[in-house]
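Residue strings, one per chain:
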Amino acid sequence: MTVPPRRARPRRATIVQGLVIALCVAILAGCHSGAPRAWRLTDVRGHLPDLRFRLLDGAGRTVTAQQFRGENVLLYFGYTHCPDACPLTMTHLHQVMVDLGPLATRVRIRFISVDPARDTPPVVQQYAAAFDPRAVGLTGDMTEIESLAKRYRVAFKRGPDLPGGGYEVTHSSAIYVFDTRGRARLIASPADTDADIAHDLRTLIGTEGSG
Amino acid sequence: MKRGIGKRPVVVLLGAVLLGGTMLGAAAGAAGAAAGPARAGAILVSHAWIRVLPGDLPAAGYARLENRGDESMALVGARSGTYRRIMLHESLLSGGMSEMKRVSHLTIPAHARAALSPGGYHLMLMDAVRPVKPGDRVPLTLVFAGGSTEKVTFLAMPANASAGP
């Protein structure tokens, strides 16, 4: 799944034209309840299955996606022995939560380990919570994680052994946005700005219930 | 610590040897002379910080490097009494995949800057001998091709710090 390149900043005249067009579109769209909304991220609605998993939380308890219906979810796959790229994305997502202000209580960051061999439930939960106090870290059985990853076309691969022990895991960098009913709605890339991700989450929260 | 220096571009190596040789000579021959402490050529290190992760998970070290000299320099690694293993790594983002790989060096061209920064080159700091907490000041010695070194104090920051000091 590719994410379109970032748009160039339009000039003032273009912005005015754009606003006029946007206004016309908005008026026209008002007549069509099913008109597409202006997402800044990649709209994947209807293209990916609903969120479904059976994993372990920080206390080692089995949890399913159904238990978390009612919250919008920011789902990101990573591993705790990742000191640079994963923290950058998790910090990015934490910043989105800060940007959302009080609306952040309707969104939850879920970090799913692609390295269950090393990521025990407490480790993955501590890792996720180090970035955002409400973030949840999940790990579990490798077969379950593989099947979850496959469902969302997330690839991951264990790298060669490092000298002195350990290894890296190459993994998809996408951030998946699910709505309160567990439907896959949007995909963000680490290159998307905090503002764009927060914008779309506000839109998503604002349209809750309208389906 | 085992360091995999690997193959370096000849120009970098020559430059580093010339500069490093001069500095080592100065340091060995006249310790405490007007030339000041042994420095990695003309590399100025600033904004050095560590992203601390919970427990004994590896951390990442970042810094800005400015080469004020006339010769290109190559950072090849670091050593520290705080971490038993340190590797120079680079994070890459391509085709929607996030990858971290070990690299042999980071070149800082003459009169130019380079950075160890989130999402790019970084020092992977492993096996801490004691827990490192945000706010701690951790001494690290940066090692350059040719053997010259630079002692730098890194500031430990929380996992979700979005920028360094």
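None of these values were measured; they are calculated from a predicted model.

Conventions used here
- Residues numbered from 1 in each chain as written.
- Chains lettered and ligands numbered in written order.
- Predicted model: local features only at pLDDT ≥ 70, side-chain atom pairs only at ≥ 80, totals over all residues.
- Helix = DSSP H or I, 4+ residues; strand = E, 2+ residues; numbered from the N terminus.
- Buried ≥ 20, exposed ≤ 12 C-beta atoms within 10 Å, placed from the backbone.
- Contact = placed C-beta atoms within 7 Å.
- Nonpolar A, V, L, I, M, F, W, Y, C, P; charged D, E, K, R; others polar.
- Pairing = 2+ DSSP bridges.
- Expected span 1.5 Å × (residues − 1).
- Arc of directions from axis to C-beta.
- pLDDT = per-residue confidence, 0-100.

(A) Examining the overall build of chain B more closely. Within chain B, the secondary structure is distributed over one helix and 10 strands. For chain B, buried positions account for 42% of its 165 residues. Long-range pairs, those at least 24 residues apart, make up 71% of the contacts in chain B with a sequence separation of at least 6.

(B) The overall build of chain A, seen in detail. A tally of regular secondary structure across chain A gives five helices and 10 strands. Considering chain A as a whole, with its 211 residues, one finds that 39% of them fall into the buried category. Within chain A, residue pairs in contact and separated by at least 24 positions form 69% of the contacts whose partners lie at least 6 positions apart.

(C) Inspection of the environment of B:Leu106 at higher detail. Residues and elements named next belong to chain B. Relative to the helices and strands, Leu 106 is located in strand β6 (residues 106-108). On the basis of neighbour counts, which here come to 21 C-beta atoms within 10 Å, the residue Leu 106 falls in the buried class. Here the alpha-carbon distance between Leu 106 and Glu 66, two residues 40 residues apart in the chain, equals 12 Å. In this structure Leu 106 touches Ala 74, Leu 75, Leu 88, Ala 114 and Tyr 121, once residues within four positions along its chain are discounted.

(D) The arrangement of the interface of chain B and chain A in detail. With 25 residues of chain B at the contact, the number on the chain A side is 28 residues. Elements that contribute at least two residues to the side of chain B that touches chain A include exactly β2 (59-67), β4 (83-94), β5 (97-102) and β8 (121-128) of chain B. Looking at the side of chain B that touches chain A residue by residue, the classes come out as 12 nonpolar, nine polar and four charged. In this structure, strand β8 (residues 167-172) of chain A lies alongside β5(B), joined through two bridges in antiparallel fashion. Following the sheet pairing, A:His171 is matched in β5(B) by B:Ser98.

(E) Quick peek at the environment of B:Val138. Residues and elements named next belong to chain B. Here Val 138 shows up in strand β9 (residues 137-144). Val 138 sits in the buried class, given 22 other C-beta atoms within 10 Å. Taking the C-alpha atoms as reference points, Val 138 and Val 103, 35 residues apart in sequence, are found 23 Å from one another. Those residues in contact with Val 138 that lie beyond four places of it in its chain are Ile 50, Ser 80, Thr 82, Val 132, Phe 154 and Ala 156.

(F) Representation of unusual backbone geometry. Look at A:Arg153: it is not a glycine, yet its phi comes out positive at around 55°. Here A:Arg153 lies in the loop between α4 (142-151) and β7 (156-161). Judged by the 13 C-beta atoms lying within 10 Å of it, A:Arg153 is partly exposed. Residue B:Asp127 is not a glycine yet carries a positive backbone phi of 55°. In this structure, B:Asp127 sits in strand β8.

(G) How the structure looks around the sheet that holds strand β10 (residues 184-188) of chain A. Residues and elements named next belong to chain A. On the basis of which strands lie adjacent, the open sheet formed by six strands has the order β1-β10-β9-β4-β5-β6 and mixed pairing. Looking along the sheet, the strands with just one partner apiece sit at the ends: β1 (42-43) and β6 (136-138). Two strands pair when backbone bridges link them, and strand β4 (residues 72-78) and strand β5 (residues 107-113) are joined in this way by seven bridges, in the parallel orientation. Counterpart to Gly 78 in the pairing with β5 is Ser 113.

(H) The arrangement of helix α5 (residues 194-206) of chain A in detail. Residue and element names in this part refer to chain A. Here α5 is 13 residues long and its end C-alpha atoms lie 18 Å apart, about the 18 Å a rise of 1.5 Å per residue gives. Those residues of α5 that sit buried are Ile 197, Ala 198, Asp 200, Leu 201 and Leu 204. Mapping the buried residues of α5 onto a view down its axis gives an arc of 165°, with all of them on the same face. Summarising the geometry of α5, the exposed residues directed more than 90 degrees from the buried face are Ala 195 and Gly 206. Those residues of α5 hidden inside the fold are in contact with β4, α2 (85-100), β5, β9 (175-178) and β10.

(I) Structural view of the confidence of the model for chain B. All names here are of chain B. Across chain B, pLDDT averages 82, with 75% of residues at or above 70. When the criterion is pLDDT under 50, residues 1-38 qualifies, and its contacts beyond four places in sequence or with other chains add up to 51 contacts. The ipTM value of the predicted complex is 0.80, and its pTM value is 0.79.

(J) Structural context of helix α3 (residues 121-131) of chain A. Residue and element names in this part refer to chain A. Of all the 11 residues making up α3, eight are buried; the element is thus mostly covered by neighbouring parts of the structure. Residues of α3 that are buried include every one of Pro 121, Val 123, Val 124, Gln 125, Tyr 127, Ala 128, Ala 130 and Phe 131, and no others. Where α3 is buried, its residues touch β2 (54-56), α2, β5 and β6.

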